[in-house]
Each structure stands twice: as structure tokens, then as C-alpha cells.
Amino acid sequence: MGRDEATTRTEIPPGTLYMLILKSLARLGPMHGYGIAQHIQQMSEILQVEEGSLYPALQRMLIKGWVTAEWGQSENNRRARYYRLTASGKKQLSVEISEFEKVMQAITRVIQPA
Amino acid sequence: MQWFSEVWRRLLFLFRRRQFDRDLEEEMRFHMEMKAREAGPVAAQRKFGNAALLQEDSREAWGWTGLEAWADDLKYALRALRKNPGFTSVAVLTMALGIGAGTAVFSVVNGVLLRPLPFPQPDRLTMVWETREQRGEDRTMVSYQNFRDWKEQSRSFERMAAFVGAGVRMNVGDEPVMIPGASVSRDFFPALGVQPMLGRTFVPEEERKSAAPVTVLSYSFWQKLGGDRSLVGKKVQFDREVFTVLGIMPRGFAFPAGSEFWLSLPPDESHNRGDCSFRVVARLQDGVTAARAQSEMQTIATRLRQAYPKENNGAGANVVPLMEQIVGEARSALSVFMGAVACVLLIACVNVANLLVVRAAARRREFALRLTLGAGRWRVARYLLTESVLLALAGAAVGVAAARGLVRVFVALDPIHLPRIQEVAVDGRVLLYTMAAAMVTGILFGLAPALRISRPGLVNWLKQGPGASGSGEPGRNRGRSVLAAVQIALAVMLLIGAGLLMRSFVLRVSVPLGFRPEGVLGIELPWSIRQRVDELLERLRALPGVQAAGAATAFPQDSAGSYCGGCLEIEGQPKREGKQYDTGYMVATPEFFRAAGMSLREGRFFTAADGRDAPQVVVINEALARRDFPEQDPIGRHIRWGGEQWSTVIGVAGNVKGFGIAGDPMPAV
């Protein structure tokens, strides 16, 4: 356990992957894994989502009950697994965001020139 | 709630593993294709990285990887053991021996000592005895009057009941058989808390002496009588009296031990405080300890002693928890057995550990290879432990099968006369014990090779090859010497223990019997032959090699003689008070004493002249002479039994172990 954060390298700040996935699903509705990765990359312009951390993270979110998964048709008529946000996922998203903002502000306070 | 649904999802995953793998694979494929469309297949492949690793990581998220690896270990261990049947069977049989013996003895311990008595809240039940200071006796029977005073004055008990053993003769077919039972006062069944399976038990009106005779039967007795439900309400004949069957007790209920029927005990109105022939069972009030009841009873007993100084001279009370009463001395005997069996189990363990060490030495190459290929040391050790626990469990399975047989034989033979022996069986708790023993021993004897294998330096050994081993490893030999030493020490301990047990057993059986069993043949004859017994004996005597032939209603050391407390009367003495002992009694022909080799202390034995029409004569034994005629000559005195004719004492015989007191010439019954 805990290996996924290490393999994320520096592209996505450790611990924020859940929040990014949850937010993407909240904004665009059910998506497949590839779509989630694409969305995060496009929106952020610089963040690279590794498959090696995306799918294990999705599994853990399934276990936690934040998302559910079901098979559906993709845009190009292929079978793809769609992840959908649940109620507890929504709750988790706001928790993650407020946590993240707290940390961000704290960090900013430290590194801002006084 | 949160974690519950999480656990639920994890469990669900376990059952859908195949599905999960397929899903994940398809998802990966989809991802790759999408990527390939964008960046070209080669780049996609490179960027995607190790798909197998990714899948494994995704799987690990569900938290079952450890278990799955262990299942692999198990599979591999099974295969390895199957490939080496010689080793496996020796190890399994050794463990079966150790665990089987342990299981058998533990079954006995469980049935006798650990299982609660078959009554509701059995820890509340106690026996209440009288004590007699001057004789140093702490568990003697009680007179009905004392019992009634106890019952009325004590506050510690919810209910208190008196009972007395009773035996009836009943004709089963043509043969009269003796059936053991008990007469019980009205609180008996309520105190024990047992309901009848059919019908009912006694109501207070039935306690009256004048009430119609009624009885409650045991389940096994009911079965012997045909097991018909309609027996309730019908009549059965015991001796010369006819009893109405009120109810049938549930299966397994036999209190006091061996009872097949219960009669209603009428209150003793005789005001005779000296007839001490009752036992008392009582149920403690909620929240009252046996110790508190004891101190209350002692107070009452002291009061009674002052009120009736003659009869209750030196009398106290003794509250004994029923379990302790029943189990008694068996506890220490069984502890010794448990110790012996633990020794056997340990020896078996050390043996198998030795085997495993040798085997592990032969498999070093294999393990060195696994270590080199990146298996963790813990992983290899765990594999070895899996193997040894597997061996132990297989041994346990064989052992339990053997133990079942052993227990059955043990219960049938009952060699050391244990209480509650009928309740002994291999049950769930015993199996639990066996499982635990197998797990612990498996880990115990697997530990030595596991530790050795996982020691660093093994990999070097692989590099050097098998030829380079040998002298360089003193540690290994030391370990094996220790094992051997432990084994020998345990074996010696066991041997000494067994020797001591044998010795005490020999001492116990070599107590003087009071008769010479050598060359004596005992034959049990049906009661119906009694009219022709003289003729039979005559013909026996005519046989070459027969020195003497006699008959009696009981045999020395046979407890089936008639016992009666307070039946014996001695002329010229008041009906004995404070009599503690039952007096045993049997009827014998003149030559019986000579045939059995019993010794004469005083006076004479019967002769042919003491037959049917002659004056009644009786031979008593030393114990009775000492008890009832202290410092007097009993010869020529008159005694009688149960209010029958007076008989003259003509002789005193040596004591016979295990049997009571008096003998009568033949025609007394």
C-alpha cells in the first residue's frame, strides 16, 4: 500500500489525485479512465496522469464507495468502463478540496516573501 | 456503517475475482487503443509501461494479495508433501499418535471436568453433608429431622431436597433384576431444575405416606420397558407393589448416578434424629456463594447440636458444590494423564521437527534458489511453516479418528472408575482443542527448519555448490543435538511418570482383599434357581478338583449386595442413633466362607445344621463387631435385620474389601 503515491512522480502532487478524479467526474458526469486522464491533462495543461496510478486509485475509490463503475458505450462505439460519482463521493470531494485549500494557504504563507 | 460496506465490497471482490481480472484487462486494452490512436502504437506501449504490474497494483488495492500468495504456498506445500510420501506418512503418523492420544485424554477431561453438569445453572447446585468432628468425617448423611430443620432455618438456598438410594426388584421376563433408583423429597426435581420429558413429577400431596404409590422413570428405563408414550399414567410393578408412572425424565438425566426411577419420599414422622440415611442436594439463592451458605449452615448445625446434644453430638454441616462432589478425586488422576499426554505430544513434535530439519537440509538448494530469485526470507519461512502446519493438521485428522475409537473403548472399559464417564465423547470443544494443538505444534516444530533456512549465508552455499558443504556448519549439528537431548529428556520423564503410576496402581490393587481369590471360581446364577441351589452345590462338590462350593446372594467385592441404613437392630441396645454407615448384608450357604477363602476371627462359620428349620444364626464381620460391640464379645448376642426374626451371632469373619458387614445362613430371605 502507499506505493501509488510514490509512482506518481512529481507530476501530480501526492494526495491530490483523488480530488482531481472526483472533480472531473463532478463536472462532466460519468467518464471512463482514459477520459478522466485526458480531462485532467487538458484542464491543467501540464499535469500528466500516469495509468500506473490512475487505475489503482480508481480501485481504491471503488472500495471506498466514492464511485461506482459500469460498462457502457464509448464515443467511438467501444465498450468502456464508466465511473460515476456517488453521494459519498461528492461529500468526499468537498472534504478533499477544503483540505487542499488549507494546505495550499499554509504553504503559500511559508514561501511568500514577507 | 462506512467500514461495513467497505468490507462487504472487499468480500464481494473475492467472489468475483475472475470477472474483475477480465474487466481490468479490457479496460487496459481500451485505454491502450485510445492512446494508440493519438500517439501511435509503439509510443503508447512505451508510455503505458508494464501492464502486468499495473494490473497487480490495481488488484492489490483490494487487499487480498497476501491471502492469495498464501493460497499459492498451500498449493505448493501440498504438492511437495505428495511428492515425498515416505516422509509425509511418517510425519503424519507421528503427529497422529501425539495428537490422537492428546485428543482422547482431553475428551475424557472435557467430559468429566470441564463440561457443565446437565442441569440449569449447575454452579448453583450443592450437596449439603453433615460432619462429625469426633470421627474426623466431613461428608456423612443426615437424618430427616436435621434436614427439615436445615431447610426451615436456612436462607441461603432457593430449594433443598433430601433423597435416599433405593433399589427394587422387578421381573423382566422371568428374571428378577435389581434396579437402582432413589426416593426423593418433593423439592428434588425443582431444586435440580429439570423438567420431565413426558408427564409430570411429584406434587406435594403425593408426598404423604398414605398417597397412592407413584414413580417417575428415567429415559433409559422407559426405553427398556418398550418406550411407549402411553406408559405415562399406567402402572408398573416393583417388588410386590404397584406404582403409577407419572412421568419420564429427559434422556441422560440420572441423579444420583445410575438412577432409573424416582419414588416420592414421605416425610419421616418418627422423630428419630439418629437415623442418618439421607443425602441433601440444594440450589443456592442467586448471589449467595457456597462459602456464605457454608457459614450459615454451620450456625444452624451448631444450634441443632445444642438442641439435641445426644443425637447431634459433634455434628456440623458441609456445603460442597455439586461439581466438586461428583468429580472429586478424578481431578488429580486426570491431571496426571494430561501431563503424560502432553509429554507424548512434545516427543512427537521433536521427532517431526528432527525429520523436517533433515528434509530442509536436503532442500537447501531449492530454497537458496528461491531466495536468489528474490523471494523474501519471511516468505520462505512462511512457506515452511505452512508446510509443517499442514502436516500437523493431517496428523490431527488421523489422530481424531483414532481418538474417537479410543474414547469409545475407554468409556466401555472405564478402567479407573471415573464419574460422569457416560458423558465423555469427542465433541466440538474437543475438536477445537485438537485444532489448536495441531496449529501450535505445527508452528512449534516448523520453527526450527524455518529459522535455519531463512538464515543469511544460504545464498553463498548455492554459489559453492553441494560439494563444499559439511564441516563448515557447526551450528546445524548443535541444533540437532539439542533436539535429540530434549527428546531423550522427555522420554525419560514419561517413563518415570508411567513407572510411578504403575506403582501406585499396584499398591492400590494389592490391598488385602479379605479372601483368597486364587483358585476361586465365581458363577452368577439366575434367581429362579434358588430352590434347587443345595442340589446344585452337591453336584458341584462331586466334581473332581472341587474342594468346596458355596452360594451367596452377593459376591465379595461385589457391590450388588443389599445395603440398608438403620435396618440393623441389636438386642439390648436402643435402636442405634447416629449410625453413619450403611450395613451390608448377604445370605450365604455353609460352605461359602470356606470356598471363598474368607478367614474366621472368632466363633464359627455356618454348618449344615444351621439350615432352614434351625434357629437363625448370623456371622458378622470385624468391622461390624468393632463398631457395634466395642470391647464386647459379640458371640451369642442377638441382632435382627429390618424388623425380621432375631438371629444369634455365631462368628466373626475377617473384613472383605469392598463389601459390607453381615452374613446370614441361607434360608433367611
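Procedures and definitions
- Residues numbered from 1 in each chain as written.
- Chains lettered and ligands numbered in written order.
- Predicted model: local features only at pLDDT ≥ 70, side-chain atom pairs only at ≥ 80, totals over all residues.
- Heavy atoms only, no water.
- Helix = DSSP H or I, 4+ residues; strand = E, 2+ residues; numbered from the N terminus.
- Buried < 20%, exposed > 50% of the residue type's maximum accessible area, 1.4 Å probe, protein only.
- Contact = heavy atoms within 4.5 Å.
- Areas by Shrake-Rupley, 256 points an atom, 1.4 Å probe, with all protein chains shown as cover.
- Axes fitted to C-alpha atoms, helices over the stretch in contact; angles between N-to-C directions.
- Left-handed = near helix turned anticlockwise from the far one by under 90°.
- Nonpolar A, V, L, I, M, F, W, Y, C, P; charged D, E, K, R; others polar.
- Pairing = 2+ DSSP bridges.
- pLDDT = per-residue confidence, 0-100.
- Phe/Tyr/Trp six-rings, centres within 6.5 Å; stacked < 30°, edge-to-face > 60°.
- Expected span 1.5 Å × (residues − 1).
- Core = buried A, V, L, I, M, F, W, Y, C linked by side-chain atoms within 4.5 Å.
- Buried area = accessible area lost by both parts, 1.4 Å probe.
- Salt bridge = Lys/Arg side-chain N within 4 Å of Asp/Glu carboxyl O.
- Polar contact = N/O pair within 3.5 Å; in protein donor to acceptor, adjacent residues only side chain to side chain.

This paragraph deals with the overall build of chain B. Counting its secondary structure elements, chain B contains 20 helices and 20 strands. Counting across all 669 residues of chain B, residues that qualify as buried make up 44%. Residue pairs at least 24 apart in sequence account for 78% of intrachain contacts in chain B once pairs closer than 6 positions are excluded. Entry remark: accessible area of chain B is about 35,100 Å², with carbon and sulfur atoms responsible for 58%.

Turning our eyes to something else, we now look at the packing of helix α3 (residues 33–44) of chain A against helix α4 (residues 51–64) of chain A. Residue and element names in this part refer to chain A. One way to put it is that α3 packs onto α4 with a least axis distance of 11 Å and a crossing angle of 120 degrees. For α3 against α4, the interelement crossing comes out right-handed. Where α3 approaches α4, its residues Gly-33, Tyr-34, Ile-36 and Ala-37 are matched on the opposing element by Leu-54, Tyr-55 and Leu-58. Along the lines of polarity and charge, the residues of the contact of α3 with α4 split into six nonpolar, one polar and no charged.

All names here are of chain B. Of all five residues in strand β17 (residues 617–621), five are buried; the element is thus mostly enclosed. A two-sided burial pattern is seen for β17, the buried positions comprising Val-617, Val-619 and Asn-621 on one face and Val-618 and Ile-620 on the other. With five bridges joining them, β17 and strand β19 (residues 646–653) adopt parallel strand pairing. Bridge pairing in β19 places Val-617 opposite Thr-648.

Residues and elements named next belong to chain B. Averaged over every residue, the pLDDT of chain B is 76; residues scoring 70 or more account for 78%. Note on residues 557–563: pLDDT under 50 across the span, and 19 contacts to partners over four residues away in sequence or across chains. With pLDDT under 50 throughout, residues 658–669 is counted as low confidence; its partners more than four residues away or in other chains account for 55 contacts.

All right, on to the packing of aromatic side chains then. Pairs of aromatic rings are described using the distance from one ring centre to the other and the angle between the two planes. Residue and element names in this part refer to chain B. What the rule picks out here adds up to 16 aromatic pairs over all chains. Taking 6.0 Å as the distance between ring centres and 45 degrees as the angle between the ring planes, the aromatic pair formed by Phe-189 and Phe-202 counts as tilted. Of this pair, Phe-189 sits in helix α8 (residues 188–192) while Phe-202 sits in the loop between β6 (198–199) and β7 (214–217), placing them 13 residues apart in sequence. An identical accessibility class is assigned to Phe-189 and Phe-202; each is buried. With a centroid separation of 6.0 Å and 40 degrees between ring planes, the pair formed by Phe-189 and Phe-253 is classed as tilted. Separated by 64 residues along the polypeptide, Phe-189 in helix α8 and Phe-253 in the loop between β9 (241–248) and β10 (261–264) bring together distant segments of the chain. By relative accessible area, Phe-189 is classed as buried at 3%. Here the aromatic residues Phe-119, Phe-163, Phe-188, Phe-189, Phe-202, Phe-253, Phe-255 and Trp-262 are joined through ring pairs into a cluster of three or more.

Turning our eyes to something else, we now look at the sheet that holds strand β2 (residues 67–73) of chain A. Within the open sheet, the three strands sit side by side as β1-β3-β2 (chain A). Their pairing is antiparallel. At either margin of the open sheet sits one strand with a lone partner, and together these are β1 (31–32) and β2 of chain A.

Note that an α-helix has 3.6 residues per turn; residues three or four places apart therefore point the same way. All names here are of chain A. The first and last C-alpha atoms of helix α5 (residues 87–111) sit 36 Å apart over 25 residues, in line with the 36 Å expected at 1.5 Å per residue. For α5, every residue scored as buried is listed here: Gly-89, Gln-92, Leu-93 and Glu-96. Contacts from the buried residues of α5 go to α2 (17–28) and β3 (79–85).

Let us now look at the environment of Val214(B). All names here are of chain B. When you line up the elements, Val-214 lands in strand β7. With 28 residues separating them along the chain, Val-214 and Val-242 place their C-alpha atoms 8.3 Å apart. Ignoring any residue separated from it by four or fewer positions in sequence, one finds Val-214 in contact with Phe-202, Glu-206, Phe-243, Thr-244, Leu-246, Trp-262, Leu-263 and Ser-264.

Another aspect to go through is the nonpolar core. Formed by 34 residues in total, the largest nonpolar core has its most connected members in Met95(B), Leu391(B) and Phe445(B). Within the residue set of this core, elements represented by two or more residues are α5 (65–82), α6 (85–114), α12 (330–362), α13 (364–372), α14 (377–413), α15 (428–453) and α17 (474–509) of chain B. When residues of this core are assigned to their parent elements, the largest contribution, 10 residues, is made by α12(B). When sequence neighbours within four positions are dropped, the list of residues in contact with Phe445(B) reads Met95(B), Cys349(B), Val352(B), Ala353(B), Leu356(B), Ser388(B), Leu391(B) and Ala392(B). In terms of nonpolar packing, the next biggest core, distinct from the first, is built from 31 residues, Tyr18(A), Tyr55(A), Leu24(B) and Met28(B) among them.

All names here are of chain B. Of the two faces of β10, the one holding Phe-261 and Leu-263 and the one holding Trp-262 and Ser-264 are both buried throughout. Across three bridges, β7 lies against β10 in antiparallel orientation. Residue pairing for β10: Thr-215 is matched across the bridge by Leu-263.

With 26 residues of chain B at the interface, the matching set in chain A holds 28 residues. Counting each side, the surface lost to burial between chain B and chain A is near 2,600 Å², with a carbon and sulfur contribution of 51%. If you sort the residues of chain B by the area they bury against chain A, Glu27(B), Phe30(B) and His31(B) come out on top, with a joint share of 25%. Across the chain B-chain A interface, the total number found is four salt bridges. As a salt-bridge pair, Glu26(B) and Arg79(A) come within 3.1 Å of each other at their nearest N and O atoms. Seen at the junction of chain B and chain A, the total is seven residue pairs in polar contact (both at pLDDT 80 or more). With 13 residues, helix α2 (residues 17–39) of chain B is the single largest residue contributor to the side of chain B that touches chain A. Of the residues that constitute the side of chain B that touches chain A, the class distribution is 10 nonpolar, three polar and 13 charged.

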